[in-house]
Amino acid sequence: MSRINKNVVLALLTLTSSVFLLFQLYYYKHYLSSKNGAGFSKIRGSHVGQDSTQWRAVKKFLMVASSQNVPVTLIDPLVLELIHRDFERLEDSSDGKTSECKYFCAVRDVTTFAVLDKQWKNEVGWFQAAEKMGFQWVEIESKDPRLEGMDYLSGTEIPLHYVFRLAAHTVHLVVLYERSGNYLWHGHLRLKQHVDRKFAPFRKLHFGRHPGALDKPELLHVSIDGIQVQIPKDPGHFLEDISHSRFLECRFKDARAFFQPPGVQQNRLQLIWPFLSFCRSIWFLHHGLLQPPAVMAVT
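Treat the numbers as computed from the prediction; the structure is a model and nothing was measured.

1. Observations regarding the packing of aromatic side chains
Now for step 1: Evaluation of the coordinates by the stated rule reveals 14 aromatic pairs.
Now for step 2: Ring geometry for F61 against F135: centres 6.5 Å apart, planes inclined by 75 degrees, an arrangement best described as edge-to-face. Within this pair, whereas F61 is found in helix α3 (residues 53–67), its partner F135 is found in the loop between α6 (123–132) and β3 (136–143), the two being separated by 74 residues in sequence.
Now for step 3: Members of the aromatic cluster, each reached through a chain of ring pairs, are F61, F113, W120, W126, F127, F135, W137, Y162 and F164.
Now for step 4: Looking at R179, its charged tip hangs above the ring of W185, at a distance of 5.2 Å from the centre.

2. Topic: the pairing of strand β5 (residues 169–179)
Now for step 1: For β5, the tally of buried residues reaches ten of eleven residues, placing the bulk of the element in the interior.
Now for step 2: Relative to β5, strand β2 (residues 110–116) is paired through seven bridges, and the arrangement is parallel. Considered in β5, the bridge of V115 is made with V175.
Now for step 3: In textbook terms, the turn of a hairpin is the stretch between consecutive antiparallel strands, and for strand β4 (residues 157–166) and β5 this stretch comprises two residues, one of which, A167, has a positive phi near 55 degrees.
Now for step 4: As defined by bridge partners, β5 adjoins strand β6 (residues 183–186) across three bridges and the pair is classed as antiparallel. Across the sheet, the residue bridging to Y177 is W185, located in β6.
Now for step 5: Here β5 folds back onto β6 in antiparallel fashion, the turn holding three residues, of which G181 has a positive phi close to 115 degrees.

3. Considering helix α4 (residues 77–85)
Every α-helical turn comprises 3.6 residues, leaving residues that sit three or four positions apart pointing alike.
Now for step 1: Every buried residue belonging to α4 is among P77, V79, L80 and I83, and all of these are buried. Projected down its long axis, α4 shows its buried positions confined to an angular sector of 160 degrees, all on one face.
Now for step 2: Among the residues of α4, the N-terminal cap falls to D76, whose side-chain oxygen and the backbone nitrogen of L78 are separated by 3.1 Å.

4. Overview of the side chain of R179
Now for step 1: By the secondary structure assignment, R179 is in strand β5.
Now for step 2: On the accessibility criterion, R179 (12% relative accessible area) is buried.

5. Quick look at the pattern of salt bridges
Now for step 1: In total, this model carries seven salt bridges according to the counting rule given.
Now for step 2: Ionic pairing is found between R85 and E81, a salt bridge with its closest N-O pair at 3.7 Å. Of this pair, R85 and E81 both sit in helix α4, four residues apart, which is roughly one turn of that helix.
Now for step 3: One salt bridge in this structure joins K233 and E218, with 3.9 Å as the shortest N-O distance. In this pair, K233 sits in the loop between β9 (227–232) and α7 (235–243) while E218 sits in the loop between β7 (212–215) and β8 (219–224), placing the two residues 15 residues apart along the sequence.
Now for step 4: Given the relative accessible area of 41%, K233 is considered partly exposed.

6. Considering the state of the cysteines
Now for step 1: Evaluation of the coordinates by the stated rule reveals one disulfide.
Now for step 2: Covalent S-S linkage joins C101 and C105, the inter-sulfur distance amounting to 1.8 Å. Judged by the torsion about the S-S bond (85 degrees), the C101/C105 disulfide is right-handed. Neither C101 nor C105 differs from the other in exposure class; each is buried.

Calculation rules
Residues numbered from 1 in each chain as written. Predicted model: local features only at pLDDT ≥ 70, side-chain atom pairs only at ≥ 80, totals over all residues. Heavy atoms only, no water. Phe/Tyr/Trp six-rings, centres within 6.5 Å; stacked < 30°, edge-to-face > 60°. Helix = DSSP H or I, 4+ residues; strand = E, 2+ residues; numbered from the N terminus. Lys NZ or Arg CZ within 6 Å of the ring centre and 35° of its normal. Buried < 20%, exposed > 50% of the residue type's maximum accessible area, 1.4 Å probe, protein only. Pairing = 2+ DSSP bridges. Arc of directions from axis to C-beta. Polar contact = N/O pair within 3.5 Å; in protein donor to acceptor, adjacent residues only side chain to side chain. Salt bridge = Lys/Arg side-chain N within 4 Å of Asp/Glu carboxyl O. Disulfide = S-S within 2.5 Å.

In structure tokens, the structure reads:
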């Protein structure tokens, strides 16, 4: 009899606790939410952002960049497309606060940033700070095409891409170089044999499938999902620029070799002229000219 009474008491206590818990949840939902209104939704949106793997990876990456005084620019096509749709609203918003994490919390595997080569400095300090934040990283280098015509410098390697990984998210940092002609160039991402192909989803990277050339964009500082970030001032134009950014390197060193042996310059010039003309056409098309100016044909 005593055992039965104990079981009954335990059941009653459990039932009472459950009812009290349900009452608290009802009160919290219908009273506090209506009382706090938009303020409550902002707190909830902020919480969602902080729980996002992508958001945390981007936040920590920008903290590393800030600590090293290296300005990076968001150039990720997927994120910029979302920003472009809401650009007027973001410009009108003084603090960039929204009720939900919309841009950096969208499901994706990679977020892409860019840095100018002349602003990329103190690599050792950068990598140490990144590792303290929990990042793993890979550096991709290749020969500098600007030095191809200089025999004593040809073969010099420069950094082209950095791939950072934090948990399940990848941050791709593209190094942009200023080239003669007042445009920005990025190189082809070629993995060397020692690089682990499973380190990151390399096939999903938006930049590096081929060399590219971009116009220099004006930049704008905005607050997105509670993060201060630098973006192209005209995201729509930048996205359009990306779509036809494929770059063809004209190897003038090889062209020059045709002229070196005496007595055959004219014949070799006739052979290489179509290639040089094609290179010129690509350059003019990239800069918005439908047709290059007329030049004297080689006979």
